[in-house]
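# Results of the structural survey
Okay, here's what each chain looks like letter by letter:
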Number of protein chains: 2
Amino acid sequence: MSIDRTVTIREVGLRDGLQSETVFVPTVKKLELVKDLSRAGIKILETTSFVNPKAIPQLADAAELMAQVDREGIKHEIMVPNLKGAQRALEAGADRLVVFISATDAHNQANVKRSVKASLTDLEGIFNLAREGNVPVTGVIAVAFGCPYQGRVPVVDVLSITENFISRGADRISLADTTGMANPYQIRSMVKEMQNKLSTDSLCLHLHNNRGIAIANLYAGYLAGVRMFDASIGGIGGCPNVPQAAGNLATEDVAFMFEAMGIETGLNLIKLIRCAHEMEKLLQHPLPGQVMKSGPVDPQCDRENCSIRS
Amino acid sequence: MSIDRTVTIREVGLRDGLQSETVFVPTVKKLELVKDLSRAGIKILETTSFVNPKAIPQLADAAELMAQVDREGIKHEIMVPNLKGAQRALEAGADRLVVFISATDAHNQANVKRSVKASLTDLEGIFNLAREGNVPVTGVIAVAFGCPYQGRVPVVDVLSITENFISRGADRISLADTTGMANPYQIRSMVKEMQNKLSTDSLCLHLHNNRGIAIANLYAGYLAGVRMFDASIGGIGGCPNVPQAAGNLATEDVAFMFEAMGIETGLNLIKLIRCAHEMEKLLQHPLPGQVMKSGPVDPQCDRENCSIRS
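Values in this document were obtained by computation on a predicted structure and should not be read as measured data.

Looking now at the relation of the copies chain B and chain A. Superposing chain B onto chain A requires a rotation of 180° together with a translation of 0.0 Å along the rotation axis, leaving an RMSD of 0.0 Å. Taken together, the turn and the small shift mark the pair as related by a two-fold rotation axis. The rotation axis passes nearest to the C-alpha of Ala216(B) in chain B, at a distance of 2.0 Å. Both copies present the same face, since 100% of the interface residues in chain B are matched by interface residues at the equivalent positions in chain A.

Moving on to the pairing of strand E4 (residues 96-102) of chain A. Working note: regular strand, side chains alternate between the two faces of the sheet. All names here are of chain A. In terms of burial, E4 is a largely internal element, 6 of the 7 residues being buried. Direction of pairing for strand E3 (residues 75-79) relative to E4: parallel, over a ladder of 3 bridges. Bridge assignment links Met79 to a residue of E4, and that residue is Val98. The parallel pair E3 and E4 is bridged by helix H4 (residues 83-91), and the resulting crossover is right-handed. Sheet analysis places E4 next to strand E5 (residues 137-142), joined by 6 bridges and oriented parallel. When the bridges of E5 are listed, Val98 appears paired with Thr138.

Glancing now at the pattern of salt bridges. Throughout the structure, instances matching the rule amount to 28 salt bridges over all chains. Residues Arg96(A) and Asp171(A) are paired through a salt bridge, measuring 2.7 Å at the closest nitrogen-oxygen approach. Here Arg96(A), found in strand E4, pairs with Asp171(A), found in the loop between helix H7 (155-168) and strand E6 (172-177); they are 75 residues apart in sequence, far enough to count as distant. We classify Arg96(A) as buried; its relative accessible area is 10%. You can call Asp171(A) partly exposed: its relative accessible area is 39%. The shortest N-O distance in the salt bridge between Glu163(B) and Lys197(B) comes to 2.4 Å. One end of the pair, Glu163(B), is in helix H7 (residues 155-168); the other, Lys197(B), is in the loop between helix H8 (184-194) and strand E7 (203-207), and 34 residues separate them in sequence. Taking relative accessible area as the criterion, Glu163(B) reaches 40% and is therefore assigned partly exposed. Using a relative accessible area of 34% as the deciding quantity, one classes Lys197(B) as partly exposed.

This part takes up the nonpolar core. Leu97(A), Phe165(A), Leu175(A), Leu97(B), Phe165(B) and Leu175(B) are the most contacted members of the largest nonpolar core, which totals 190 residues. Both domains that meet at this core, namely domain 1 (1-79 + 232-310) and domain 2 (95-226) of chain B, each give it at least three residues. Ignoring sequence-local partners within four residues, the contact set of Phe165(A) consists of Val99(A), Ile101(A), Leu123(A), Phe127(A), Gly139(A), Val140(A), Ile141(A), Ala170(A) and Ile173(A).

Residue and element names in this part refer to chain B. Between its first and last C-alpha atoms helix H2 (residues 27-39) spans 18 Å; for 13 residues at 1.5 Å apiece the expected length is 18 Å, and the two agree. Within H2, burial applies to Thr27, Lys30, Leu31, Leu33, Val34 and Leu37. Viewed end-on, H2 has its buried residues packed into an arc of 160°, placing them on one side of the element. Buried residues in H2 make contact with strand E1 (8-11), helix H1 (13-17), strand E2 (44-49), helix H3 (62-68), strand E3 (75-79) and helix H11 (269-283). The first or second residue beyond H2 is Gly41, which carries a positive phi of 110°.

Looking now at the packing of aromatic side chains. Each aromatic ring pair is summarised here by two numbers: the centre-to-centre distance and the angle between the ring planes. A complete count under the given rule lists 5 aromatic pairs over all chains for this structure. Relative to Tyr219(B), the ring of Tyr219(A) lies with its centre 6.3 Å away and its plane at 85°, an arrangement referred to as edge-to-face. With Tyr219(A) in helix H9 (residues 214-223) and Tyr219(B) in helix H9 (residues 214-224), this pair bridges two chains. Here the two residues Tyr219(A) and Tyr219(B) agree in accessibility, since each one is buried. Through a chain of ring-to-ring contacts, the aromatic side chains of Tyr222(A), Phe229(A) and Phe258(A) assemble into a single cluster.

This part is about the confidence of the model for chain A. As a note on interpretation, predicted positions should not be read in detail where pLDDT is low. Looking at chain A as a whole, its pLDDT mean stands at 92, while 93% of the residues score no less than 70. In the model, residues 299-310 of chain A has pLDDT below 50 throughout and makes 15 contacts with residues more than four positions away in sequence or in other chains.

Moving on to unusual backbone geometry. Comment: phi is negative for the bulk of residues other than glycine, and the bulk of peptide bonds are trans. Residues and elements named next belong to chain B. Phi at Lys113 is positive, roughly 60°, even though this residue is not glycine. Inspection of the secondary structure assignment puts Lys113 in the loop between helix H5 (105-112) and helix H6 (116-132). Notably, Asn134 is not glycine yet its phi reads approximately 60°, a positive angle. Take Asn134: its relative accessible area is 70%, and that puts it in the exposed class.

Each partner contributes to the interface: chain B provides 38 residues, whereas chain A provides 38 residues. Interface area for chain B against chain A, summed over the two sides, is near 3300 Å², with a carbon-plus-sulfur share of 63%. Taken together, chain B and chain A are joined by 0 salt bridges. Between chain B and chain A we count 8 residue pairs in polar contact (both at pLDDT 80 or more) in total. Among the elements of the structure, H8, H9, helix H10 (251-260) and helix H12 (291-294) of chain B are those that each provide at least two residues to the side of chain B that touches chain A. Residue contributions to the side of chain B that touches chain A peak at 6 residues, all from H9(B).

Reading the values: rules and limits
Residues numbered from 1 in each chain as written. Chains lettered and ligands numbered in written order. Predicted model: local features only at pLDDT ≥ 70, side-chain atom pairs only at ≥ 80, totals over all residues. Heavy atoms only, no water. Least-squares fit on C-alpha atoms with pLDDT ≥ 70 in both. Contact = heavy atoms within 4.5 Å. Buried < 20%, exposed > 50% of the residue type's maximum accessible area, 1.4 Å probe, protein only. Helix = DSSP H or I, 4+ residues; strand = E, 2+ residues; numbered from the N terminus. Pairing = 2+ DSSP bridges. Right-handed = clockwise from strand over helix to strand, strands pointing away. Salt bridge = Lys/Arg side-chain N within 4 Å of Asp/Glu carboxyl O. Core = buried A, V, L, I, M, F, W, Y, C linked by side-chain atoms within 4.5 Å. Domains from an automatic or database assignment. Expected span 1.5 Å × (residues − 1). Arc of directions from axis to C-beta. Phe/Tyr/Trp six-rings, centres within 6.5 Å; stacked < 30°, edge-to-face > 60°. pLDDT = per-residue confidence, 0-100. Buried area = accessible area lost by both parts, 1.4 Å probe. Polar contact = N/O pair within 3.5 Å; in protein donor to acceptor, adjacent residues only side chain to side chain.

Pasting the structure below:
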């Protein structure tokens, strides 16, 4: 298994996926999902976020969830919006903190009511805490490929935030196409620019499927050297008010593509599909993932597939 | 406008898209759709098929449709299953005939109850008719990247059918991933093999999205040199019994991707989106296309977009 034939799929369904869902998934069901995802081979999970429970009721059980969650063979990464969230995440035993900043002032203001510069300054405390706790930090750059308020995002702004994150101690940068505005050529050139700032191994892509081309963007990222991709089981994370408006790429669809290409994900497709169907049952509406409907291609899987929907 | 920065999107919604839809779209509405698609810049349409109306009631109006259809600036290609269909298509003024054969005996038997060899022999009459009428012929190879009955499809079988098609006079070959089993590496290597048999300009890809990765397959095809792709407005063509099970790639999603990459399609995205919404109204269920939900990225389009859903 050469490194060039291996990718890591980072499961964000429980955080980015669930946060926009109105049906509350009980903590006990989340714990089962973590167990099932782990059994399907998921090694990195964005498990939850310590945010204001009034803002995101779905994640109100962050502390309870983290206190009981399976930890063997699985890393729990926690997104934190501020210093208080970071303190709670570290107390909860986060394996990694995930901080975020928008590439544009317009989106950052809309999201956290601060300028990019002010948000970067705010991060100082979080990075210090993480360093004391010896916990690594990922810096996420939201709307890195396009901003719904500002439109085009200058690449230099993304690079500048990247440098800032790295100088503070982030050892992984995640570029997020938050509202699905990227295209494959843009991904290719952005990854190339990023490679002047950090090793491609430290780069992650978080791609939303609002315009139906996220998997082409992901493939372009792979061809450019990226080996870590976010995805969510069943493709959850869309807008619940727009039926079928896709959110994240479906974990099982991404896994299917790589495995079909002979690139190892370490994931068991049949078990992932079962997780997606379980998530669909919990959320009580159809999910956008495709492999969960069509099944894998492999004839042996196809036979097993007969029992998947039962 | 260099040839390398231009692609052709071939609209198959009225044939491949509609044939699996149970709600009959009245001929007058089909005529309006043709007009609207033409206004949106579509230059090649797979307009209908002369098939047994009992088998596919949706296409029972093929002759009536062709008698009244707009012809200025738009080529009407007609899929024909047999000699009788070819005669009727030529009488109806088809600009091109489209014939098809499965890459595997198993699928060909299931589809037309004949072996591949027998079907190839049957084509003789159709090719003769087309030659007399001076009408070009496309040869479609179904299940070229995977067969739901047989599994893997040997590349040599696809190449052999390609040679047979060309020897009979086909000037375009379309490789169809009929049930969405292809992956990007397979597309890349298949296109490379095909390039030993014909000019890439004579190659078309017809990709279904059953496993959510058709747009990555299309991008891989583009990178390998293919410049013509089938797509259907709104992404229709899925199985009506499986809600959200995608069929073809949505024309407007494909157009969005290429235009965002700076590759000209000659299509007007706003007008395409309107066609997709019209189709959605006619079919009375949500369509899988994403750009029709999220709108284009361009801020000017975004402003126009406000009125799209009204």
